[in-house]
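Summary of structural features
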Amino acid sequence: MSQFPRLLLALLVLLLTTGCGADDAAEADADDHEHDDDDDHDHSSDGVDIDLFFDGAIVGEVTTEPCTLSGGAEAECYAFTVSGDPVTYETGPFCPTSIDASADDGGIWFDGDGVYDIDGEFITRLAELYDDDNWQMYDADGNVFVTETAEEFDLAARPDVDPSVQNHCVEGRLEWLPDGEPISTTVLIPVEPVLATAPATTSGNLGVTLDGIVIAQSAPVDAILGAYTIAAFDDCGGHYNPVDGYHLHGATGCSELDDVATGETPMFAYAMDGFPVHSPLDDPASVELDECGGHDTGNGYHYHANTAEQNLVITCLIGQTVATADDNGRPPRPADG
Ligand SMILES: [Zn+2]
Ligand SMILES: [Zn+2]
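This section reports on the structure supplied with the text. (Residues numbered from 1 in each chain as written. Chains lettered and ligands numbered in written order. Predicted model: local features only at pLDDT ≥ 70, side-chain atom pairs only at ≥ 80, totals over all residues. Heavy atoms only, no water.)

**Side note on the overall build of the protein**
The helix and strand inventory of the protein stands at five helices and 17 strands. Within the protein, the fraction of its 337 residues that count as buried is 49%. For the protein, restricting intrachain contacts to residue pairs at least 6 apart in sequence, the fraction spanning at least 24 positions comes to 65%. Summed over its atoms, the accessible surface of the protein is roughly 15400 Å², and 50% of this surface lies on carbon and sulfur atoms. (Helix = DSSP H or I, 4+ residues; strand = E, 2+ residues; numbered from the N terminus. Buried < 20%, exposed > 50% of the residue type's maximum accessible area, 1.4 Å probe, protein only. Contact = heavy atoms within 4.5 Å. Areas by Shrake-Rupley, 256 points an atom, 1.4 Å probe, with all protein chains shown as cover.)

Structure representation (C-alpha cells):
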C-alpha cells in the first residue's frame, strides 16, 4: 500500500472515532438539570436527551434499564416519571362562566375539523355549529353551565356521561384530582430510537412534553359531543381528567425549546419511540413529511406535530415503543382519553 491511501485511511479512522458523541446516559438525575442549551448539541441524532426537559418536569431519578420493544428488539430504555403538571405555564382557563365572556376567559375546543376559542359566543353557537337544538349550555341569565365540583367533574368525564351534566362545559381542577396532587406518569422510552418494520399507532400515550405532561391519544370527540358536553382544553391544548390528570391533546406552541437548531420549528416533546417532536410547520407544504408527519433532516429524524384541530398530536410512530409502557396498572381510560 502506498503512503497516500494509508494516510487517507488513517484520516478516515480518526474521523469515525472522534465524530460521534458519547454523551448519552451520562447523567441520570433530573433534579440538577439546568435548561441550558449548549450550541454544540445535536439533539435529533443522539436519541433521547434528558437534559432537554425543563427543571421540575421529571420527578425523581432517571434510570436506564433493559427493555423489550414493540417489534421485539432488545434495547436500553430510560425509565422516568413526568410530573403531570406543566412547569412552564399555569393550566387553564377552560370554560367561560358567562355568554359575554371573551376569548381570554376560556380555552379552546377542537373537534377534528376546527379550533374554536371557547368564548361566550361559542357557547351560544353550539346548536348551530353541531346542527342540533338540544345544545343549551347556558341559562336565561347568560350563565354558562360549568362543572363546579369534583363530583360533577367525575360524572362528566366518564364514558357514560351522567344526564345531570349534559349541556355542561366540562373542566377539571388540580384540587379535584385524588389528593389534590398532579398525577405523575412513569414512562419507558428507548434511549436510542429503533425503527419499526412499519409505522404504527400506539394504544397508549403518544409521548411526553419537555415540561412533564403526557401527550394523549385523540380526545373521543363523538362521545363528548354526543353527551352535549365540551371537554374544554386550555390554550395550550391540555385538560384534566380524573384518571390521567392534566394531559395534552393538541400542540399549540406551549413548552417549546427556544432553540430551533435542528428543526424548522421548536421542539416540545419526545414521542414514545424516542424521536423528538417539533411544533407544527407554519407551511406544511414547504417540507415533505412522511405518513407520520416526520422527516430526517440529515441531522436526525423528528416529527412535526399535527395542528390542534386534527385532535391528534402525532399521527403514527416510525419507531418501536415499549410494549408495556402504556398501562401503568391503571383502569381503562375514561371517556376523555
Ligand atoms: Zn422538520
Ligand atoms: Zn383528554
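That was the structure; now back to the text.
**Let's talk about the environment of S184**
Mapped onto the secondary structure, S184 falls in the loop between β5 (168–170) and β6 (185–190). Taking the C-alpha atoms as reference points, S184 and G84, 100 residues apart in sequence, are found 4.6 Å from one another.

**Re a negative patch on the surface**
A surface patch of like charges, here negative, comprises D104, D105, D117 and D235. Mapped onto the fold, D117 is located in strand β4 (residues 115–117). (Patch = residues over 30% accessible without salt bridge, like charges linked within 9 Å, V, L, I, M, F, W, Y side chains within 5 Å. Salt bridge = Lys/Arg side-chain N within 4 Å of Asp/Glu carboxyl O. Lys, Arg positive; Asp, Glu negative; His and termini not counted. Charge placed at Lys NZ, Arg CZ, Asp CG, Glu CD.)

**So, the coordination of the zinc ion (ligand 1)**
With distances of 2.0 Å, the protein atoms coordinating the zinc ion (ligand 1) are E264 (OE), H295 (NE2), H302 (NE2) and H304 (NE2). The coordination sphere of the zinc ion (ligand 1) comprises four donor atoms, whose angles at the metal cover 92 to 127°; the geometry is tetrahedral. Mapped onto the polypeptide sequence, the residues donating to the zinc ion (ligand 1) form the spacing pattern E-x30-H-x6-H-x1-H. With respect to class, H295 is no different from H304; both count as buried. (Donors = N, O, S within 2.8 Å, 3.2 Å for Na, K, Ca; no water. Tetrahedral: all angles 85-135°; square planar, octahedral: opposite > 155°, others 65-115°.)

**Thoughts on the pattern of salt bridges**
Scanning the model with the defined rule gives three salt bridges in all. Among the ionic pairs, R158 bridges to D160, the shortest N-O distance being 3.4 Å. On the accessibility criterion, R158 (28% relative accessible area) is partly exposed. One salt bridge in this structure joins D162 and R158, with 3.7 Å as the shortest N-O distance. Several salt bridges share partner residues, and in doing so they unite R158, D160 and D162 into one network.

**Digging into the state of the cysteines**
In total, this model carries four disulfides according to the counting rule given. Between the sulfur of C67 and that of C77 lies a disulfide, 2.0 Å long from S to S. Disulfide C67 to C77: torsion about the S-S bond roughly 80°, handedness right-handed. Of this pair, C67 sits in strand β1 (residues 58–68) while C77 is found in strand β2 (residues 74–82), placing the two residues ten residues apart along the sequence. Classification of C67 as buried rests on a relative accessible area of 5%. Take C77: its relative accessible area is 0%, and that puts it in the buried class. Paired by a disulfide, C236 and C254 hold their sulfur atoms 2.0 Å apart. The chirality of the disulfide connecting C236 with C254 is left-handed, given an S-S dihedral of about -80°. With C236 in the loop between β10 (229–231) and β11 (238–241) and C254 in the loop between β12 (245–248) and β13 (267–271), this residue pair connects regions lying 18 residues apart in the sequence. Take C236: its relative accessible area is 10%, and that puts it in the buried class. (Disulfide = S-S within 2.5 Å.)

**Some details on the packing of aromatic side chains**
The full count for this structure, using the stated rule, is 14 aromatic pairs. Between F153 and W176, the ring centres sit 5.9 Å apart and the planes meet at 40°, which makes this aromatic pair tilted. In this pair, F153 sits in helix α4 (residues 150–156) while W176 sits in the loop between β5 and β6, placing the two residues 23 residues apart along the sequence. Neither F153 nor W176 differs from the other in exposure class; each is buried. (Phe/Tyr/Trp six-rings, centres within 6.5 Å; stacked < 30°, edge-to-face > 60°.)

**Side note on the sheet that holds β2**
Strands sit in the order β1-β2-β6 across an open sheet of three strands; the sheet is antiparallel. Where the open sheet ends on each side, the last strands, each with one partner, are β1 and β6. Recorded for the sheet is a direction-independent mean angle of 25° between the axes of neighbouring strands. (Pairing = 2+ DSSP bridges. Axes fitted to C-alpha atoms, helices over the stretch in contact; angles between N-to-C directions.)

**What to know about the nonpolar core**
Formed by 80 residues in total, the largest nonpolar core has its most connected members in F53, F80, W109, V208, I230, F268 and Y303. If you tally residues by element for this core, the top one is β13, at five residues. Each of two domains, domain 1 (28–86 + 184–211 + 253–319) and domain 2 (103–179 + 220–247), supplies a minimum of three residues to this core. Once residues within four sequence positions are removed from consideration, I230 is found in contact with W109, I118, F122, L126, W135, M137, H168, C169, V170, I224 and L225. If you look at the next biggest cluster of nonpolar residues, it comprises eight residues, including C67, A73, C77 and A79. (Core = buried A, V, L, I, M, F, W, Y, C linked by side-chain atoms within 4.5 Å. Domains from an automatic or database assignment.)

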